[in-house]
Structure formats: C-alpha cells, structure tokens
Amino acid sequence: MSGFLEELLGEKLVTGGGEEVDVHSLGARGISLLGLYFGCSLSAPCAQLSASLAAFYGRLRGDAAAGPGAGAGAAAEPEPRRRLEIVFVSSDQDQRQWQDFVRDMPWLALPYKEKHRKLKLWNKYRISNIPSLIFLDATTGKVVCRNGLLVIRDDPEGLEFPWGPKPFREVIAGPLLRNNGQSLESSSLEGSHVGVYFSAHWCPPCRSLTRVLVESYRKIKEAGQKFEIIFVSADRSEESFKQYFSEMPWLAVPYTDEARRSRLNRLYGIQGIPTLIVLDPQGEVITRQGRVEVLNDEDCREFPWHPKPVLELSDSNAVQLNEGPCLVLFVDSEDDGESEAAKQLIQPIAEKIIAKYKAKEEEAPLLFFVAGEDDMTDSLRDYTNLPEAAPLLTILDMSARAKYVMDVEEITPAIVEAFVNDFLAEKLKPEPI
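Given the structure is predicted, the values throughout are model-derived calculations rather than measurements.

### Notes on the packing of aromatic side chains
Then step 1. Within this structure, the stated rule accounts for 22 aromatic pairs.
Then step 2. A ring pair is formed by Tyr217 and Phe227, whose centres lie 6.2 Å apart and whose planes are at 50°; its orientation type is tilted. A residue pair is termed long-range when its members are at least 10 positions apart, and Tyr217 in helix H8 (residues 204-222) and Phe227 in strand E11 (residues 227-233) qualify at 10 residues. There is no split in this pair, since Tyr217 and Phe227 are both buried.
Then step 3. In this structure an aromatic cluster arises from ring pairing among Tyr197, Tyr217, Phe227, Phe231, Phe241, Tyr244, Phe245, Trp250, Tyr255, Phe303 and Trp305.
Then step 4. Over the face of the ring belonging to Trp202 we find Arg236, whose NZ or CZ atom lies 4.2 Å from the ring centre.
Then step 5. The lysine or arginine in question, Arg261, covers the ring of Tyr255, its NZ or CZ lying 4.4 Å from the ring centre.

Structure representation (structure tokens):
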C-alpha cells in the first residue's frame, strides 16, 4: 500500500501544526480509506466544509479531540472498520494564507511547495469545482466515491462506511414517475439503455439541452431502440420540478425522494449540470459525456455513443479541454481528408493509452483531439498563443496554463507516441499559456 501512496502523494505530508509525516507510515497505521480534499483558503464554501468535515472526521476516527489544531496522528487509534485519513490538496497561491487555513485542520495536507504534485492530482481526478472530496481505496487506489460532500450530508455518522459504489439497479430501485402522474417500478428499465439526466429548471444550459434531448429521445424510440431517460432533479422546489418535468416525455425520480436523488449524485460523482450519463442494459457506464454526444449527433446515428478514442474538436466538445491535459493535433482542414487521416494516425496510440489505464480502472491521463480550421480553433490558437503552422502537434493543459508544442513538417505515429510517452514521463518542458 505504501508504494501506491508514495507514488500518489510523495514521501512527506504535513499536519496542521506543520509537522512532517512519512507517507509510508499511513500503511503502518492500517489506513483503508483515503479522502482527497481539494480546496482553497479564499473559498467561503471550503471554509464551511472544513468545519463540518472536522466533526465528521473526528466521529469516524473516534478522535478524542477532533477540533481545530488537533493534528492528524494525535488521535486515538480508530476503529478497525473506520481507518480513514484525509489529505488536503490546495490550490492556494499564497503560502501564508495556506498556512493559516491548514492550521485548523485535524487531518494531513500536501506540503505547500508540492505545487506540481497538487496539479497532477487535480488533473488525475478531473476536479473542476471546489470544494471537492473524493474517497480512494488506500490499498488499490481505486476511486470509491467521487462525491464525498454528499457522504458527509447523507451519512454523518459513517454508518455506510466505506461508501463503495453500488450497482445502478440497486441505487435506482423504487418507483419512477411520468409527468402524467403514472408510477412505474424501476424494474421496467431491464433490458434498456438508460440515460441518467442530472438537470434543473433554474439552469439555462439545462433547459437548452432538454429541448434537444426531447427530440433525440423521440428519434431513438422511433428507431425501435430500447432506451429510457431518468431525470434526477436539482431543482430548488417541487413546484419548479413539476414545471420542468412537464416538458419531458421520460421518467423521473420523485422529487420528494431526496435520498435516492443524492445516492445517484454520489454514484456518478456529479460536479455540475447538465450531465447525461448513458448506461448499457447491464447498468455499466458507456459515456459520461452524453451532453456532448447528443449535441454532436442530433440524428442519433451513433447511439448509444460509445466513446471515440479521438474526437474532432467542435464548439460542443471544446469544454472537455478544461477537464485535464489534451493532445490536440492541428491540421489544415481545407485539404480533403486531412482531418480523417490525422484521426487515423492518432487513434492506435490513443487506444493503447486508454486500454492501459482502463485495465487499472483509471481514467486515461490524456484526451485526444484533431482540430481543423474554424472560428473556434482560431480562438483556441489565439488564447494559447500557438503558431499558425499545420500540422502542429500539441498537448494543452488548461488548468496548469501550460502547453507543449512539437512543430515539425511531418507528423508520424512514432513522433506522436514519443511525444505522448515523454509527456507522461514528465520529460517535456512546458511553456506558459
């Protein structure tokens, strides 16, 4: 276990009091669950979370003094079934503010100087909002729960520890509604592809997507496909829920069943809306990018939207550039077939990377794109200050505001593979965006 933890966190962590703690000692203490708390001292929601998380942490570990400044490691031995540790991963840019913030934390933190490691963790787990709290199995490194904030709210006593993912069939179990008031049992979903749609009436992008999704749903059903959508509301009142749901021809979790709605949010680690998760008939995730797929495939010819190793950059999927490092091969789209040839060149390398990380049950550390010539691509070049050359091979890391550029006359599979491997091995020198 200590090998995995040291690879993830480095050799040293610090307590709220500034004392260093060897990471390998976590293994000796028998820690079974690791929480990564992503936040910033300047965020009021992070300050609020820290207060409630301290009480939660103390209850689960059985700490006699779980208040501010108690310091991780000062606690009594935790109960065997609740061997939990939390590590704060900060985005602070000011060391004094960081010190003032971690001083009140009874858990551990990555040292302030470990800025590169912090950024790697933010990218590895696709953290887009703060505060965020994810739980990992401390032995295998597998993500146990992507939305720990809901765990604190829903299970404050830790009765469901260690909050491992449950099958969709189990989480969705219970009555589902149609907007005419008819009630169906969740067992009616058997044998169908399912879209789990997290949305709310107060959210303008949600309402825009819903209009497109209604047409997509109709086309898929008319084509004879077994497909159902489940609306999981984030509305702020039952009246808003009913008004919004009246526009939808599919099913919904009852608004009053807040526990089931929350469990679905926890299961898929929802960090923002609208989000459309598409499942196969066995309840396994096909794609978390249903929103992008629906907008890119209005005729639903590619339903159920199995992920493509390489995407053609577009207005609708450009948002994914902010989810982590992305390889982008810029080409001259005025040359017939150039974009397709570029995709074919990159695809074997992308497939190899994706398969390698899938075998470890991890998300690939890179997304892969081909970009042609259009206004959106021009804007991206301008924003990242890239040369106008084509072809141009790049890796863009928006969260780190870093770019890696290879400007050569001919892009070959060997060049792409070496570029990717050097990036993953941290051999490339970044340029600022």
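### Examining the pattern of salt bridges
Then step 1. Counted by the stated rule, this structure contains 24 salt bridges.
Then step 2. Glu258 is the salt-bridge partner of Arg153, the closest N and O atoms lying 3.9 Å from each other. With Arg153 in helix H6 (residues 148-154) and Glu258 in helix H10 (residues 258-268), the pair connects residues that are 105 residues apart, well separated along the chain.
Then step 3. The class for Arg153 is partly exposed, based on a relative accessible area of 46%.
Then step 4. Exposure remark for Glu258: the relative accessible area of 44% places this residue in the partly exposed category.
Then step 5. Residue Arg218 pairs with Glu222 through a salt bridge whose shortest N-O separation is 3.1 Å. Taken together, the residues span about one helical turn, with Arg218 and Glu222 both in helix H8 at a distance of four residues.
Then step 6. By relative accessible area, Glu222 is classed as exposed at 59%.

The rules we used
Residues numbered from 1 in each chain as written. Predicted model: local features only at pLDDT ≥ 70, side-chain atom pairs only at ≥ 80, totals over all residues. Heavy atoms only, no water. Phe/Tyr/Trp six-rings, centres within 6.5 Å; stacked < 30°, edge-to-face > 60°. Helix = DSSP H or I, 4+ residues; strand = E, 2+ residues; numbered from the N terminus. Buried < 20%, exposed > 50% of the residue type's maximum accessible area, 1.4 Å probe, protein only. Lys NZ or Arg CZ within 6 Å of the ring centre and 35° of its normal. Salt bridge = Lys/Arg side-chain N within 4 Å of Asp/Glu carboxyl O.

The analysis is restricted to geometry; functional conclusions fall outside its scope.
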